[in-house]
Amino acid sequence: DGGITQSPKYLFRKEGQNVTLSCEQNLNHDAMYWYRQDPGQGLRLIYYSQIVNDFQKGDIAEGYSVSREKKESFPLTVTSAQKNPTAFYLCASSMGGHTGELFFGEGSRLTVL
Amino acid sequence: AQSVAQPEDQVNVAEGNPLTVKCTYSVSGNPYLFWYVQYPNRGLQFLLKYITGDNLVKGSYGFEAEFNKSQTSFHLKKPSALVSDSALYFCAVRDTGAGSYQLTFGKGTKLSVIP
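Computed from a predicted structure; not experimentally measured.

A.B. asks: Help me understand the packing of aromatic side chains, please; the structure alone is not making it clear to me.
C.D. replies: Two measures describe an aromatic ring pair: the distance that separates the ring centres and the angle between the ring planes. Per the counting criterion, the structure on display carries 15 aromatic pairs over all chains. Ring centres of Tyr35(A) and Phe105(B) lie 5.2 Å apart, and the angle between their planes is 85 degrees; this geometry places the pair in the edge-to-face category. Of this pair, Tyr35(A) sits in strand β4 (residues 31-38) while Phe105(B) sits in strand β11 (residues 104-105), on two different chains. Phe105(B) carries the same exposure label as Tyr35(A), and that label is buried. Summarising the aromatic geometry, the rings of Phe104(A) and Phe105(B) are spaced 6.1 Å apart at their centres and angled 75 degrees between planes, so their arrangement reads as edge-to-face. Separated into two different chains, Phe104(A) in strand β10 (residues 103-104) and Phe105(B) in strand β11 make up a pair that spans both. A residue is classified by how much of its surface remains accessible, and Phe105(B), at 7% relative accessible area, is buried.

See below:
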């Protein structure tokens, strides 16, 4: 089945630790995205990548890092510099361009204790 | 800059009644508009999109949306609501004049369908 797989589904970490969230897609999509979701704030774009080995900052990139070494994979690292990392993180992919809709994974819920 | 507004945090509707979830947008060029639905602790599911052409767009699960350029709106509608339609709905816009492929989401509207 084609789709987007995010792991882990739930993650607990202590303050000051870096955390990496995995996102893999087998849809052969060029573009991939990371969004953060907080209650009442909708989705906010962290990073996006249109092609392999290239990515751009979104609206709230501070405290996060990404890599795009393979077309299928777009991992997100939440660093200790992120002031309020507890949130629901959503990965998405699309064919690229202006008209393609995004396909989302099931999300990863990060709780920092 | 592109932006989306969903003016209602919550919409309540009785089962079997028509429902409307409102969305307005602001762009510098032409808009590409999308609706998504999210169930608790799940990812977003695509419902429909407007790219060009007919202003009335039909999508999944009996939903439709009407593009109104003069009012810069893209309201989501369904003729007869089901209890299973209860979820969080997001409107999103991509601006062809912005020079990027970013998709900007509204803050979401919680739809509750009352049996």
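Now that the structure has been shown, we can carry on.
A.B. asks: What is the right way to read unusual backbone geometry from this model?
C.D. replies: Keep in mind that most residues, glycine aside, have a negative phi and that most peptide bonds are trans. The omega angle of the peptide bond from Ser7(A) to Pro8(A) is -10 degrees, so this bond is cis rather than trans. Take Pro8(A): it is sitting in the loop between β1 (4-7) and β2 (10-13). Of note, the phi angle at Asn28(A) is positive, near 60 degrees, even though the residue is not glycine. Position of Asn28(A) among the secondary structure elements: in the loop between β3 (19-25) and β4. On the basis of relative accessible area, Asn28(A) is assigned to the exposed category, the value being 58%. One non-glycine residue, Asn41(B), adopts positive backbone phi at about 60 degrees. Position of Asn41(B) relative to the elements: it lies in the loop between β5 (31-38) and β6 (44-50).

A.B. asks: I tried to follow the pairing of strand β8 (residues 64-68) of chain B on my own but got confused; where do I start?
C.D. replies: As a general feature of sheets, a regular strand has side chains that alternate between the two faces. Residues and elements named next belong to chain B. Across 3 bridges, strand β7 (residues 56-58) lies against β8 in antiparallel orientation. Each residue of the ladder has a partner; that of Lys58, found in β8, is Glu64. If you look at the hairpin formed by β7 and β8, you'll find 5 residues sitting between the two strands, and Tyr61 has a positive phi there, around 60 degrees. Both β8 and strand β9 (residues 73-78) contribute to a ladder of 5 bridges, which runs antiparallel. For Ala65, the partnering residue across the bridge sits in β9 and is Leu76. Linking β8 to β9, which pair antiparallel, is a turn of 4 residues; within it Thr72 sits at a positive phi near 45 degrees.

A.B. asks: Just checking my understanding: could you explain the side chain of Lys78(B) for this structure?
C.D. replies: Residues and elements named next belong to chain B. As for its position among the elements, Lys78 is in strand β9. A relative accessible area of 8% places Lys78 in the buried class. At 3.2 Å, the side chain of Lys78 and the backbone oxygen of Tyr61 are in polar contact. Within the local environment of Lys78, its side chain forms a polar contact with the side chain of Asp85, the two groups lying 2.8 Å apart. Beyond its immediate sequence surroundings of up to four residues, Lys78 is in contact with Pro18, Leu19, Tyr61, Gly62, Phe63 and Asp85.

About the thresholds
Residues numbered from 1 in each chain as written. Chains lettered and ligands numbered in written order. Predicted model: local features only at pLDDT ≥ 70, side-chain atom pairs only at ≥ 80, totals over all residues. Heavy atoms only, no water. Phe/Tyr/Trp six-rings, centres within 6.5 Å; stacked < 30°, edge-to-face > 60°. Helix = DSSP H or I, 4+ residues; strand = E, 2+ residues; numbered from the N terminus. Buried < 20%, exposed > 50% of the residue type's maximum accessible area, 1.4 Å probe, protein only. Pairing = 2+ DSSP bridges. Polar contact = N/O pair within 3.5 Å; in protein donor to acceptor, adjacent residues only side chain to side chain. Contact = heavy atoms within 4.5 Å.

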